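One letter stands for each residue in the lines below.
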Amino acid sequence: MEKGGVEHEITELRLGLPGRDVTEKMMKKRGFTEMIMTSSGSNSDESGVVSGGDVEKINESPAAKSEVVGWPPVCSYRRKNSCKEAWTTKVGLGYVKVSMDGVPYLRKIDLGSSQGYDDLAFALDKLFGVRGIGVALKDGDNCEYVTIYEDKDGDWMLAGDVPWGMFIESCKRLRIMKRSDATGFGLQPRGVDE
Amino acid sequence: MNYFPDEVIEHIFDFISSHKDRNSISLVSKSWHKIERCSRKRVFIGNCYAINPERLIERFPSLRSLTLKGKPHFADFNLVPHEWGGFVHPWIVALAKARVGLQELRLKRMVVSDESLELLSRSFASFKSLVLVSCEGFTTDGLASVAANCRHLRELDLQENEIEDHRGQWLNCFPESSTALTSLNFSCLKGETNLAALERLVARSPNLESLKVNRAVPLDALTRLMSCAPQLVDLGVGSYENEPDQESFMKLMAAIKKCTELRSLSGFSEVAPLCLSAFYPICQNLTSLNLSYAAEIQGNHLIRFIQFCKRLQRLWILDSIGDKGLEVVASTCKELQELRVFPSDLHDEEDNDTAVTEIGLVAISAGCPKLHSILYFCKQMTNAALITVAKNCPNFIRFRLCILEPNKPDHTTSQSLDEGFGAIVQACKGLRRLSVSGLLTDKVFLYIGMYAEQLEMLSIAFAGDTDKGMLYVLNGCKKMRKLEIRDSPFGNAALLADVDKYRTMRSLWMSSCEVTLGGCKRLARNAPWLNVEIINENENNDLMERNEEDEREKVDRLYLYRTVVGARKDAPPCVTIL
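Everything numeric here is computed off the predicted structure, so don't read it as measured data.

**Some points on the UniProt feature "domain: F-box" (unreviewed entry) in chain B**
(1) Moving on: Sites flagged by UniProt as "domain: F-box" (unreviewed entry) map to residues 4–45 of chain B.
(2) Moving on: Secondary structure content for residues 4–45 of chain B is 62% helix and 10% strand, while the C-alpha to C-alpha distance between its ends is 31 Å.

**Overview of the nonpolar core**
(1) Moving on: Of all hydrophobic cores here, the largest spans 185 residues; its most connected members are Leu 66, Leu 184, Phe 279, Phe 399, Ile 448, Leu 495 and Tyr 502 of chain B.
(2) Moving on: Membership of the second largest hydrophobic core comes to 20 residues, among which are Met 100, Ile 109, Tyr 149 and Leu 174 of chain A.

**So, helix H9 (residues 219–228) of chain B**
(1) Moving on: Along H9 of chain B, the residues that are buried comprise Leu 219, Ala 221, Leu 222, Thr 223, Leu 225 and Met 226 of chain B.
(2) Moving on: On its buried face, H9 of chain B is in contact with helix H8 (195–203), strand S9 (210–212), strand S10 (234–236), helix H10 (246–258) and helix H11 (273–277) of chain B.

**Thoughts on unusual backbone geometry**
(1) Moving on: Going from Trp 71 of chain A to Pro 72 of chain A, the amide bond is cis rather than trans, its omega being -5°.
(2) Moving on: Among the secondary structure elements, Pro 72 of chain A is positioned in the loop between helix H3 (32–39) and helix H4 (76–81).
(3) Moving on: In the Ramachandran plot, Ser 414 of chain B falls in the positive-phi region, its phi being about 65° despite a non-glycine side chain.
(4) Moving on: With respect to the helices, strands and loops of the structure, Ser 414 of chain B is situated in the loop between strand S16 (398–403) and helix H17 (418–427).
(5) Moving on: Overall, Ser 414 of chain B belongs to the partly exposed group, its relative accessible area being 41%.
(6) Moving on: One non-glycine residue, Asp 487 of chain B, adopts positive backbone phi at about 50°.
(7) Moving on: Position of Asp 487 of chain B among the secondary structure elements: in the loop between strand S19 (482–486) and helix H20 (492–496).

**Digging into the environment of Leu 201 of chain B**
All names here are of chain B.
(1) Moving on: Within the secondary structure layout, Leu 201 lies in helix H8.
(2) Moving on: Using a relative accessible area of 1% as the deciding quantity, one classes Leu 201 as buried.
(3) Moving on: Through-space distance from the C-alpha of Leu 201 to that of Leu 225 is 9.8 Å; in sequence the pair is 24 residues apart.
(4) Moving on: Once residues within four sequence positions are removed from consideration, Leu 201 is found in contact with Leu 171, Phe 174, Ser 178, Leu 181 and Leu 184.

**A short note on the packing of helix H15 (residues 358–367) of chain B against helix H16 (residues 383–392) of chain B**
Residue and element names in this part refer to chain B.
(1) Moving on: In the contact formed by H15 and H16, the axes pass within 8 Å of each other and the chain directions differ by 15°. If you check the angle between H15 and H16, you find them roughly parallel. Taken as a pair, H15 and H16 cross one another with a handedness that is left-handed. Contact residues: H15 offers Glu 358, Leu 361, Val 362, Ser 365 and Ala 366, while H16 offers Ala 385, Leu 386, Thr 388, Val 389 and Asn 392.

**Quick word on helix H13 (residues 299–307) of chain B**
(1) Moving on: Buried within H13 of chain B are the following residues: Gly 299, His 301, Leu 302, Ile 303, Phe 305 and Ile 306 of chain B.
(2) Moving on: In this structure, the buried residues of H13 of chain B make contact with strand S11 (264–266), H11, helix H12 (280–283), strand S12 (288–290), strand S13 (314–318) and helix H14 (322–332) of chain B.

**A short note on the packing of aromatic side chains**
All names here are of chain B.
(1) Moving on: Scanning the model with the defined rule gives 24 aromatic pairs over all chains in all.
(2) Moving on: Look at Trp 509 and Tyr 559: their rings are 6.1 Å apart centre to centre, the planes differ by 55°, and that puts the pair in the tilted class. A residue pair is termed long-range when its members are at least 10 positions apart, and Trp 509 in strand S20 (residues 507–511) and Tyr 559 in strand S22 (residues 557–562) qualify at 50 residues. The same class applies to Trp 509 and to Tyr 559, which are both buried.
(3) Moving on: Site record: aromatic cluster; members linked through ring pairs are Tyr 49, Phe 74, Phe 77, Trp 84, Trp 509, Tyr 559 and Tyr 561.
(4) Moving on: Arg 568 extends its terminal NZ or CZ atom over the ring of Tyr 49, reaching a point 4.5 Å from the ring centre.
(5) Moving on: A cation over an aromatic ring shows up here: Arg 568 above the ring of Trp 84, its NZ or CZ 4.3 Å from the ring centre.

**Here we look at the side chain of Arg 22 of chain B**
All names here are of chain B.
(1) Moving on: Among the secondary structure elements, Arg 22 is positioned in helix H2 (residues 19–25).
(2) Moving on: Looking at Arg 22, the relative accessible area reads 6%, which means it is buried.
(3) Moving on: Looking at Arg 22, its side chain comes within polar contact range of the main-chain oxygen of Ile 16, at 3.3 Å.

**Some thoughts on the pairing of S20 of chain B**
All names here are of chain B.
(1) Moving on: The element S20 is extensively covered by neighbouring structure, given that 5 of its 5 residues are classed as buried.
(2) Moving on: Here S20 shows no split at all, with Ser 507, Trp 509 and Ser 511 on one side and Leu 508 and Met 510 on the other all buried.
(3) Moving on: Relative to S20, S19 runs parallel, the two sharing 5 bridges. Looking at the pairing, Lys 482 lines up with Ser 507 of S20.

How each quantity is defined
- Residues numbered from 1 in each chain as written.
- Chains lettered and ligands numbered in written order.
- Predicted model: local features only at pLDDT ≥ 70, side-chain atom pairs only at ≥ 80, totals over all residues.
- Heavy atoms only, no water.
- UniProt positions renumbered as here; feature names shortened; annotations may be inferred.
- Helix = DSSP H or I, 4+ residues; strand = E, 2+ residues; numbered from the N terminus.
- Core = buried A, V, L, I, M, F, W, Y, C linked by side-chain atoms within 4.5 Å.
- Buried < 20%, exposed > 50% of the residue type's maximum accessible area, 1.4 Å probe, protein only.
- Contact = heavy atoms within 4.5 Å.
- Axes fitted to C-alpha atoms, helices over the stretch in contact; angles between N-to-C directions.
- Parallel < 35°, antiparallel > 145°, perpendicular 65-115°, else oblique.
- Left-handed = near helix turned anticlockwise from the far one by under 90°.
- Phe/Tyr/Trp six-rings, centres within 6.5 Å; stacked < 30°, edge-to-face > 60°.
- Lys NZ or Arg CZ within 6 Å of the ring centre and 35° of its normal.
- Polar contact = N/O pair within 3.5 Å; in protein donor to acceptor, adjacent residues only side chain to side chain.
- Pairing = 2+ DSSP bridges.

This is how it looks when you write it as structure tokens:
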């Protein structure tokens, strides 16, 4: 088990006010991202428990944040019984999260129970109690809101373009944005994907 | 006092109930020690491995009420293997054998088996109260024995336990003659309940003050339960995803209106807005509200509900309430003493504004002068906010702040949060419990060591730079009892600097730090009155037999605690006691 230089630096006494050298400190510290890498199997000898070990592979990967054992410190009973935790298992069943700009809560919607874009439009209206979201799906330019979705590849697309069947298969989540915000968002242009 | 007969002194001691005070009394003189121990009814054991049941019984023969805690706190976060220990069985066996007149048993983070519960139910004729918190290892069969055999049972309180639900008829097992129940909490059970049995039980329990049902109790059943128990003070409801129809709603509201004594409300693992609004009539009486399992409640419904709760002293909610919601709490709940804000999005997948920030925390601190305990999960924090909070609320006893992303600095200045937490410990002279988070250097620990004179429990994660950090705490915090550290660069030098310090502490936990096997071995040698446990799920072979080189190997998880009974015999293979 070779430990060597990097680790020594971590315990090195550092003088000076905090705030300086922050980025340097963050890289030398046994950082969060190192934790993710050691716990997500980069060292096959280690179990899922976060431990010291491998500091070679420092790879920024925000998606792996949730893999650190026991973090955030929410007790396991609460994790198992909190509804949002249960969401992650429901996604496969057609439930997707829906967020709406300016609204401080998320809802979920079962795409599988909608028959098509009309149905979805109606359901979204009902979900947020705001008229006109659904209109955006069909009516394109006349509405204050646009409905976009994140597809399997992680791209954000305008909802309503592809056939319904294709849509429910690739939609991971929905977001209702104000049209004015959407222009700078970086939506994939129509027709770029199958 | 020497001229009083023992019975008089004993009578005087009866007025002293605090454990600390009674412990002090027992140190005054031999005769006081004897009188105290023979008359002591309630004993609290913070670490079940610090002492053994035989010695406990020997010292306190009149024991009536026992509280035991097992696994270390970080077991809540899956950092302790399931088989680690904390078995209650030997305690029950010993108490039964000695014919102790046990009436109350409270357990936290212990392993309880059906066999233990069965033995308990048969061994103590006056048994009145069983409270199990975060325990595991038993099923509803064990509950059935308690229900059936404890003739004088008044309290059965199951909080956040892992119970295997056999969907049996445990509620039926309460005999018809059982009418003494004052408290029944089975909210953590997952399965269906025998509703008829529950209703009959509640109907024949006129002294029932606290009832917390599980998710499987539907709305109409809840309505009937409330109707026959209008004396309820504390109610935990089930899961009500669907809007009730008009008739059900009216009946529910009528039942609720009758519960004029209701002060505490919880449950709501899911609740449709209309359902929630049925409780409006009693909101003004509520002193305690727990909506922290209701991930689906929309912010505006939550806010509307809380606006009626002017007498709230304790509030547990999800961060979906938002900063705006907390501002409403701050302006409404002037009696607020304890606030817990839990994260609704554990995977940090959302980039939107659903979480709370420093704004909400500052608002609460400004609006609620009686606030003394807070647990706050948030996405970001600033030093300025913490300094303001410290100024607004110097009365904090418990301050637990968890910034969801480890090592996150002050988001406006990119500096560490040392100054912010420093302000908290400096202002809050009575602070007993502290959890820190965000980007922190050794400096924050310098502040903690310097100012946190009453601090008893400190939780550290992803913080500090060198051993100095930990040393500041160990040297400075004279009243430290429980120190738990994870993923921080503290090593042998800090661990070994003052071994006698651990005599004054209940326990120390260090995981993913820099301590090595060699350091731990040295500690164990110098402190035979400590159990130094190395927990390592990877290694099944005996750590002691490995060669010299491995002394430099870092220890995955270290848990040490003072004990008067030496190394425990029930440790599993993944635990090595040095």
